[in-house]
Amino acid sequence: MRRSARPDPQRFPYLDAATGAGAGSGVLAGRAPLALAHRGFAPDGGENTMDAIERAVRLGFRYVEIDVRASSDGVVMVFHDEHLDRVTDARGPLVERSAAELGAVSVEGHGGIPTLEAVLLRWPELRLNIDIKTDDAVRPFAELINRLRAHDRVLVASFSDRRRRQVLRLLERPTASSAGMRVNAGVKVAGPLGLAGIVARRAGVQALQVPETYRGIRVVTPRFVAACHAAGLQVHVWTINRREDMDRLLDLGVDGLVSDAGDVLAECLAGRSTPPLD
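First, a word on scope: everything that follows refers to the structure included in this document. (Residues numbered from 1 in each chain as written. Predicted model: local features only at pLDDT ≥ 70, side-chain atom pairs only at ≥ 80, totals over all residues. Heavy atoms only, no water.)

When its secondary structure is counted, the protein shows ten helices and eleven strands. Classification of the 278 residues of the protein by burial places 57% in the buried group. Restricting the contact set of the protein to residue pairs at least 6 apart, pairs at least 24 apart contribute 63%. Total accessible area on the protein stands at roughly 11,800 Å², and carbon and sulfur atoms take up 51% of it. (Helix = DSSP H or I, 4+ residues; strand = E, 2+ residues; numbered from the N terminus. Buried < 20%, exposed > 50% of the residue type's maximum accessible area, 1.4 Å probe, protein only. Contact = heavy atoms within 4.5 Å. Areas by Shrake-Rupley, 256 points an atom, 1.4 Å probe, with all protein chains shown as cover.)

In structure tokens:
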């Protein structure tokens, strides 16, 4: 199987699965590509909760994708939606409540909304792919990562490249980052011209995290993957839940899969002869 493109593992160890914390201690450890549990593993609800992350860890995941927003008192909370209505017993915008109030709501019966600090401290070896949803989370997020010296454990993601750049400027050490919408589009266009590497370096990204298709347009193709690898970029695809799609994309050479179906992805990777990254 094709080995993934690898940014400098000393500068961005997050992206080197072979050095992933817990390598050798789980079915997904020390293997290529990266396996990311989307909002933890929550088949019965409770996405982005401590319970969901714990279930992913028990499955052997060493990488978990989460989303963060800021509470009214400036604490970084692990939650996807702007409003609480969809998955909690509360109503209204998350930003209107304090961290203590958010910790007391029920996320589909799986406990309250956790702080990012609690997640980082609970699993000190877990690597987190973090989608920063709001501008007001930028500074408290960067301050938390700097205080805990967690730069090697996180990948900074956002649909907004402006927001992503703001975070990177505040971080005190090099930290892995994936492209937002504009840079993704720029790399897609520049790839056939052999200019993807220039776009990526100017944008300060080491990975592209993309859907397989977007608005009817196929994004992940053999040519796209090859262009990204030639530019030293990893390609992570979301959100892939069917075993046949996982196998097809892995055969194509992608470097990471993000999935809600953590059990399926764990079984898929355990059953493949994917060599360690070395």
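Picking up after the structure, the text goes on.
To continue, consider the side chain of S158. Topologically, S158 is positioned in the loop between strand 5 (154–157) and helix 5 (161–170). Its relative accessible area of 5% is what places S158 among the buried residues. Here S160 takes part through its backbone nitrogen, which lies 3.0 Å from a polar atom of the side chain of S158. At 3.3 Å, the side chain of S158 forms a polar contact with the side chain of R163. Those residues in contact with S158 that lie beyond four places of it in its chain are D131, I132, R163, R164, A179 and G180. (Polar contact = N/O pair within 3.5 Å; in protein donor to acceptor, adjacent residues only side chain to side chain.)

Bringing the pairing of strand 5 into the picture now. Burial along strand 5 is two-sided: V154 and V156 and L155 and A157, pointing in opposite directions, are all buried. Two strands pair when backbone bridges link them, and strand 4 (residues 127–132) and strand 5 are joined in this way by four bridges, in the parallel orientation. Looking at strand 5, one finds that D131 is bridged to A157. Of the pairings in the sheet, the one linking strand 5 to strand 6 (residues 176–177) comprises two bridges and is parallel in character. Within strand 6, the position partnered with L155 by the bridge is A176. Note on the crossover from strand 5 through helix 5 to strand 6: the handedness is right-handed. (Pairing = 2+ DSSP bridges. Right-handed = clockwise from strand over helix to strand, strands pointing away.)

This brings us to the nonpolar core. Counting 58 residues, the largest nonpolar core has L116, L128, I130, F141, V254 and L257 as its most contacted members. Residue contributions to this core peak at five residues, all from helix 4 (residues 138–148). Contact partners of L128, with chain neighbours within four places excluded, come to Y14, V64, I66, L116, V119, L120, R153, V154 and L155. (Core = buried A, V, L, I, M, F, W, Y, C linked by side-chain atoms within 4.5 Å.)

A few words now on helix 1 (residues 50–59). Considered for burial, the residues of helix 1 that qualify are A52, I53, E54 and A56. Contacts from the buried residues of helix 1 go to strand 1 (34–38), strand 2 (63–70) and helix 3 (116–122). Following helix 1 by one or two positions, G60 adopts a phi angle in the positive range, close to 110 degrees.

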